[in-house]
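Next come the chains, spelled out residue by residue.
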Amino acid sequence: MHPKSDAAAAPQAFYTVTAEIALARHQPRTAALQYAAAAAGETDVTLLERATQVAADCLQPSLAEKVAARWIQVDPKSLDAQRAAARAALALHKIDQAAAHYRIVLSSSSIGTEAEFAALETYLADNDNVFGARQLADRLAPSFPSSAAALRVQGFTALRADDPAAAVHSFTAALALTVASGDAGDEGVRRESLQTLARARIMAGDAEPPLAQAQEKVQREDKPANRLDYALLLMTAQRDSAAIQQLDILARNPEYAPVALRFQGLIEFQEGHLDAATTRFAQLLRSDKYLDDAFYYLGLIADRHGDPEHALRLYAQVQNGENALPALLRASTILQTHGAAAVAEELLDRLIEDEPQRAPEILAARARMYADAGDSTRAIAVLEGGVNEYPDSVELRYAVASIYEEQGRIPDALHELTDLANARPDDPAALNALGYTLADHSRHLGRARELIERAYAAAPKNAAILDSLGWVLFRQGHSAEAETYLRAAYADDRGGDIAAHLGEVLWQMGRPDDAEHIWSEASAADGDNRLLKATRQRFHAAQPAPPVRRPLPVMN
């Protein structure tokens, strides 16, 4: 089924009925196009609302933007229409337009500005456009100078976008505004703001005062909630041994034991202590709490130990939560690798039907599975089909560029990334992806550095951007400066890609023992990383092996 192509207008029922049929057949692009056709020139607010919702649900923000504009034209006072237009604009990284629509919503909301900002905070917390969300909050906050909720949204989005110093400023101002107004407000909101401010201060490099305050609070009032807050701040400061000590104490409390075990397991796993992590997650299973997390990480551990059958059984038991989709995607890769391609295909088909809001992510994972199996042609075909179905998906465009690069089609990869950067000139992720790829291929290093430095100015604590900045400096011959940025990146993310870069810089600086230490440490936590393996082999082999390119640094 395809949209009606002749120039004559069809009855409205044709478009709406065919759109609903398309939805039932899992054809999101067709459904959104048909509803958009039905909405053109329409004055029925109910139909316009439905058309906008379908376009948004089908991940077609360009269509949602157009239909919402018609809705606003018909009903200028509709805050739902303004909100829908704002969300579509944010998805397209049109930040000024999104801010203009949200100002109308925030100024006119029947629930009040503070409550509307609280709802916006919830929406932005799960929004994929992390840097766009932060820029939106920065646009909105000055328009509502007396709103503590506006400052909290600004603080949360800045922290999520890896600018903790800006988050400290926003949360400090929000708390001061609350005190000055004499409005104590919601105690839960105030407590969360104080804890997030402490986290932001630690991440910004001012660790000692908030840690001392949290410790003093535990000593003054030894409540489990206070001890958990202290442990989480120690984790933020990467003082994992001290955090585990606090969690050990917390685990003696039956009510808090599961949450303590969960965090202990995560620490051990991230440190590469897989046996200790296995013990923690097995205990978590016996507590009958956080089962999805326990099964997922035990599956990852079995995977790393080379036991795919056990890993599959564990992944299959992850039912809900943020790890459900990654577990099934990893399961499909294991099935593909071990001779069950048909089962893997069926699983991926079902995933797209069950998780339509994450279809681009699933398609990108499917393409990666084919590429890893050596079938880049099939991978590109999947991605091109995905881009046709979801033309606004940035994730799919990054994936296309990554496969092009692996195929040696560097000009095509750079063309794809340049188009993205031109369309999203203020998006640090797009700037960083293009800058890193230029640097990795030693092309236009001056431009590459300028792009990465612009991304760094917006997100100074982002590990992927710090890694890119270190890498371009190394390519330019500034090894000492490169080490500084790469060490900062590695302190935050001990993944194999960053370790490979840092180790290479250290080796080239005449410090092979330091390089080996970094590589060995990262191998414990990310032993399957292809770039890490290839980099070590290249320096150990008599004849250097061809370099393996890491995936594009797309940030969440």
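Coordinates for the structure precede this section.
Going along each chain's sequence as written, the residues are numbered from 1 onward. Whole-chain, interface and lining totals are the exception, using all residues; otherwise, since this is a predicted model, local features are given only for residues with pLDDT of at least 70 and side-chain atom pairs are given and counted only at 80 or more. By convention in this description, side-chain values take in all heavy atoms of the structure and omit both hydrogens and water.

Draft legend 1. Spotlight on the overall build of the protein chain. Under the scheme used here, helices are H or I runs from DSSP no shorter than 4 residues and strands are E runs no shorter than 2 residues, and both carry numbers assigned from the N terminus. The number of helices and strands found in the protein chain is 31 helices and zero strands. Here the C-alpha atoms of the protein chain give a radius of gyration of 25 Å, agreeing with the 24 Å that 2.2 N^0.38 yields for 556 residues. Taken along its principal axes, the extent of the C-alpha atoms in the protein chain is 75 × 65 × 55 Å. Only protein chains enter the area calculation, which uses a 1.4 Å probe; residues under 20% of their type maximum are buried, those over 50% are exposed, and those in between are partly exposed. The buried share of the protein chain, taken over its 556 residues, is 49%. Intrachain contacts of the protein chain at a sequence separation of at least 6 include 53% that bridge at least 24 residues. Here the positive residues are Lys and Arg and the negative ones are Asp and Glu; neither His nor the chain ends is included. In this description, the location of a charge corresponds to atom NZ of lysine, CZ of arginine, CG of aspartate or CD of glutamate. Charge-centre separation for the protein chain: the mean point of 55 positive side chains lies 2 Å from the mean point of 77 negative side chains. Only C-alpha atoms enter the radius of gyration; for comparison, a globular chain is expected to reach 2.2 Å times N to the power 0.38, where N is the number of residues. Only heavy atoms matter for contacts: two residues are in contact if any of them lie within 4.5 Å across the pair.

Draft legend 2. The arrangement of the packing of helix 4 (residues 61-74) against helix 5 (residues 79-91) in detail. Each axis is a line fitted through C-alpha atoms, and for a helix only the stretch in contact is used; angles between axes span 0 to 180 degrees, taken between their N-to-C directions. As a packed pair, helix 4 and helix 5 sit with axes 8 Å apart at the nearest point and diverge in direction by 155°. As summarised for this structure, helix 4 and helix 5 are arranged roughly antiparallel, according to the angle between their axes. Classified by chirality, the crossing of helix 5 by helix 4 is left-handed. In contact with Pro61, Ala64, Glu65, Ala68, Trp71 and Ile72 of helix 4, helix 5 contributes Asp80, Ala81, Gln82, Ala84, Ala85, Ala88 and Ala91. For this scheme, ten residues count as nonpolar: Ala, Val, Leu, Ile, Met, Phe, Trp, Tyr, Cys and Pro. Four count as charged, namely Asp, Glu, Lys and Arg, and the remainder, Gly too, count as polar. Considered class by class, the residues forming the contact of helix 4 with helix 5 number ten nonpolar, one polar and two charged. Angles below 35 degrees are treated as roughly parallel, those above 145 as roughly antiparallel, those between 65 and 115 as roughly perpendicular, and all remaining angles as oblique. Crossings are classed by handedness, with left-handed meaning an anticlockwise turn of the near helix from the far one by less than a right angle and right-handed meaning a clockwise turn.

Draft legend 3. Representation of the pattern of salt bridges within the structure. In what follows, salt bridge is the name for a side-chain nitrogen of Lys or Arg lying within 4 Å of a carboxyl oxygen of Asp or Glu. The full count for this structure, using the stated rule, is 37 salt bridges. Its salt-bridge partner being aspartate 303, residue arginine 330 comes within 2.5 Å of it at the nearest N-O pair. With a gap of 27 residues between them, arginine 330 in helix 19 (residues 324-337) and aspartate 303 in helix 17 (residues 291-304) connect regions that are remote in the sequence. According to the relative accessible area criterion, arginine 330 is partly exposed, its value standing at 33%. Salt bridges sharing common partners tie together Glu345, Asp349, Arg366 and Arg378.

Draft legend 4. Representation of the packing of aromatic side chains. In summary, the pairing rule links any two rings of Phe, Tyr or Trp, Trp by its six-membered ring, whose centres are within 6.5 Å, and it sorts them by plane angle into stacked for under 30 degrees, edge-to-face for over 60 and tilted for everything else. Using the criterion set out here, one finds twelve aromatic pairs in the structure. Seen from their ring centres, phenylalanine 117 and phenylalanine 144 are 5.4 Å apart, and the 85° between their planes marks the pair as edge-to-face. Of the two residues, phenylalanine 117 sits in helix 7 (residues 113-125) while phenylalanine 144 sits in the loop between helix 8 (130-140) and helix 9 (148-160), which places them 27 residues apart along the sequence. You'll find phenylalanine 117 and phenylalanine 144 in the same group, each marked buried.

Draft legend 5. View of helix 13 (residues 224-236). The span one expects for a helix is its residue count, reduced by one, times 1.5 Å. Relative to the 18 Å expected for 13 residues at 1.5 Å per residue, helix 13 spans 18 Å between its end C-alpha atoms, a close match to the ideal helical length. Those residues of helix 13 that sit buried are Asn226, Arg227, Leu228, Asp229, Tyr230, Ala231, Leu233 and Leu234. Note on helix 13: the residue one or two positions beyond its end, glutamine 238, has a positive phi of about 60°.

Draft legend 6. Broad picture of the environment of isoleucine 352. Following the sequence through the fold, isoleucine 352 ends up in helix 20 (residues 341-354). The class for isoleucine 352 is partly exposed, based on a relative accessible area of 23%. With 302 residues separating them in the primary sequence, isoleucine 352 and arginine 50 have C-alpha atoms 22 Å apart. Beyond its immediate chain neighbours, meaning those up to four positions away, isoleucine 352 contacts Ala359, Ile362, Leu363 and Arg366.

Draft legend 7. Structural context of the packing of helix 6 (residues 95-108) against helix 7. Interaxial distance between helix 6 and helix 7 falls to 7 Å at its minimum, and their mutual angle equals 135°. Taken together, the axis directions place helix 6 and helix 7 in an arrangement best described as oblique. Within the contact between the two elements, helix 6 uses Tyr102, Val105 and Leu106 and helix 7 uses Thr113, Glu116, Phe117, Leu120 and Tyr123. Here the residues of the contact of helix 6 with helix 7 are counted per class, giving six nonpolar, one polar and one charged.

Draft legend 8. Spotlight on the nonpolar core. If you look at the biggest cluster of nonpolar residues, it comprises 118 residues, and the most contacted ones within it are Leu211, Leu247, Phe281, Tyr315 and Tyr398. Residue contacts for phenylalanine 281: discarding those within four places in its chain leaves Arg262, Gly265, Leu266, Ala294, Tyr297 and Leu298. Of all hydrophobic cores here, the second largest spans 26 residues; its members include Ala10, Tyr15, Ala32 and Val67. By nonpolar core is meant a set of buried Ala, Val, Leu, Ile, Met, Phe, Trp, Tyr and Cys residues that side-chain atoms within 4.5 Å join together.

Draft legend 9. Main features of unusual backbone geometry. Unlike most non-glycine residues, histidine 26 shows phi in positive territory, near 60°. Positionally, histidine 26 belongs in the loop between helix 1 (12-24) and helix 2 (28-39). On the accessibility criterion, histidine 26 (46% relative accessible area) is partly exposed. Within the chain, histidine 93 stands out as a residue other than glycine whose phi angle is a positive 60°. As for its position among the elements, histidine 93 is in the loop between helix 5 and helix 6. Classification of histidine 93 as buried rests on a relative accessible area of 8%.

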